[in-house]
2 protein chains.
Amino acid sequence: MSYAEQYIEKLRKSGLRPTKQRVKICEVLFDAEKTFHFTIKELVKIIENQANIKVSLATVYNTVHAFIKRGYLKEIPLNASQSYYDTNVTHHHHFFDEEDNKLIDIDQDDVDEINIRKKIPGKKIRSVEVIAKIVSDNQSQK
Amino acid sequence: MSYAEQYIEKLRKSGLRPTKQRVKICEVLFDAEKTFHFTIKELVKIIENQANIKVSLATVYNTVHAFIKRGYLKEIPLNASQSYYDTNVTHHHHFFDEEDNKLIDIDQDDVDEINIRKKIPGKKIRSVEVIAKIVSDNQSQK
DNA sequence: AATTATATTAAAATAGTTCTAAACTGTTGA
DNA sequence: TCAACAGTTTAGAACTATTTTAATATAATT
Ligand SMILES: [Mn+2]
Ligand SMILES: [Mn+2]
Ligand SMILES: [Zn+2]
Ligand SMILES: [Zn+2]
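Asker: How would you sum up the protein's contact with DNA strand C? Please name residues and give values.
Answerer: In the neighbourhood of DNA strand C, 19 residues make up the surrounding shell, with Tyr61(A), His65(A), Ser83(A), Thr19(B) and Lys54(B) lying closest. A share of 81% is what sugar and phosphate atoms reach among the atoms of DNA strand C within 4 Å of the protein. At a separation of 3.4 Å, a phosphate oxygen of DNA strand C approaches a polar side-chain atom of Lys41(A). Within the side chain of Gln21(B), an N or O atom sits 3.0 Å from a sugar or linking oxygen of DNA strand C. Mapped onto the surface near DNA strand C, the elements with two or more residues apiece are α3 (40–50) and α4 (57–70) of chain A together with α2 (20–30) and α4 (57–70) of chain B. Take the surface near DNA strand C: its biggest share by element is four residues, from α4(A).

Asker: Lay out the relation of the copies chain A and chain B with the relevant residues and their values.
Answerer: With an RMSD of 0.1 Å, the fit of chain A onto chain B corresponds to turning through 180° and sliding 0.1 Å along the axis. Both copies are brought into coincidence by an operation consistent with a two-fold rotation axis. Every residue of chain A has its C-alpha some distance from the rotation axis, and the shortest such distance is that of Val130(A), at 2.2 Å. The fraction of interface residues of chain A whose copies in chain B are also interface residues reaches 100%, indicating that both copies meet through the same surface.

Asker: Can you break down the protein's contact with DNA strand D residue by residue, with the values?
Answerer: If you check the shell around DNA strand D, you find 21 residues, and the closest are Thr19(A), Arg22(A), Lys54(A), Tyr61(B) and His65(B). Considering the 4 Å shell around the protein, atoms of DNA strand D inside it are sugar or phosphate in 84% of instances. The separation between a sugar or linking oxygen of DNA strand D and a polar side-chain atom of Gln21(A) is 3.1 Å. With respect to DNA strand D, the backbone of Ser83(B) contributes an N or O atom lying 3.0 Å from a phosphate oxygen. When contributions to the surface near DNA strand D are tallied by element, the ones reaching two or more residues are α2 (20–30) and α4 of chain A together with α3 (40–50) and α4 of chain B. Broken down by element, the residue count for the surface near DNA strand D peaks at four residues, all from α4(B).

Asker: Summarise the packing of aromatic side chains; cite the residues concerned and give the values.
Answerer: Under the defined criterion, the tally for this structure stands at 14 aromatic pairs over all chains. Between the aromatic rings of Phe30(A) and Tyr72(A), the centroid separation amounts to 6.5 Å while the plane-to-plane angle is 70°, which identifies the pairing as edge-to-face. With Phe30(A) in helix α2 and Tyr72(A) in the loop between α4 and β2 (74–76), this pair connects stretches of sequence that are 42 residues apart. For the residue pair Phe30(A) and Tyr72(A), the accessibility class agrees, reading buried in each case. Ring centres of Tyr84(B) and Phe96(B) lie 6.1 Å apart, and the angle between their planes is 80°; on these two criteria the pair is classed as edge-to-face. Placement of Tyr84(B) in strand β3 (residues 84–86) and of Phe96(B) in strand β4 (residues 92–97) is noted, with a sequence separation of 12 residues between them. No difference in accessibility class separates Tyr84(B) from Phe96(B), as the two residues are buried.

Calculation criteria
Residues numbered from 1 in each chain as written. Chains lettered and ligands numbered in written order. Predicted model: local features only at pLDDT ≥ 70, side-chain atom pairs only at ≥ 80, totals over all residues. Heavy atoms only, no water. Near = heavy atom within 4 Å. Polar contact = N/O pair within 3.5 Å; in protein donor to acceptor, adjacent residues only side chain to side chain. Helix = DSSP H or I, 4+ residues; strand = E, 2+ residues; numbered from the N terminus. Least-squares fit on C-alpha atoms with pLDDT ≥ 70 in both. Contact = heavy atoms within 4.5 Å. Phe/Tyr/Trp six-rings, centres within 6.5 Å; stacked < 30°, edge-to-face > 60°. Buried < 20%, exposed > 50% of the residue type's maximum accessible area, 1.4 Å probe, protein only.

Right, here's the structure in full:
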């Protein structure tokens, strides 16, 4: 199946018709060799740089939300004032570099299984995510 | 040391003068028998209900931020469009109830030590937090 | 008490996100 | 062929959490 066909399938499964703008968004999101993290602002900038297509903010937000709902993207919980999104939809964890404001993936395999002994009656765990904040390691101990 | 004195000390250590408004904020935050989680909007509502003091949003934000900087409050990373704050400043983890939008503490002791095998050169880990999303456990498997 | 530094406040500004409503596009079937 | 329709894009308005501004008020210092 060609890339273009994959995008169209992803869009269809998300309940969206494959329009020019949406396919362009797919190219940026799903054509990358590696998964990556992005903010909406960054995504718009990439689209503007790569294409002569103009895509409105509303279309970007709508499409991203449709993909999240369908499971093709993940939203990453950060205390920032803006949302971070992730094209890596496997279960994994994150470093958050507080100096660069950048997320770095941690494979599930790189963290021992997390066993939470506390239980909440009537509730079940749907997901467990670790966020490790990192900063520069300045060994200088003046 | 009386409560009032404790508040004044907390304020002074945060670099703030003990004004009527700030002491009131301290009463709400630090007088509770239990620690709790709150949004700014909720905090303002509590103050309005408890006191005949009117406190502006700007003062609430400034004071909360000063306490965070000094370590008397913590900000909790959630993907929501608003920040959650925590009067429990010990190292601990959270359940996030996606139905009630409520945070529930998990003591550090209730989670096995988290060992992250991946290392980032030149960076060190400053904090590790677990967020477990929970939902109702409907056993009904029609 | 006078002086100075800091705080409070209402209101404006900012910024991310969502909504609206009008113009546009592609498809269908008469 | 092309009118009608369903769905899409878009600019801009609206919304909301947070921050900033600048005038007034209060606290600390002398
Ligand atoms: Mn969202
Ligand atoms: Mn903040
Ligand atoms: Zn990731
Ligand atoms: Zn907590």
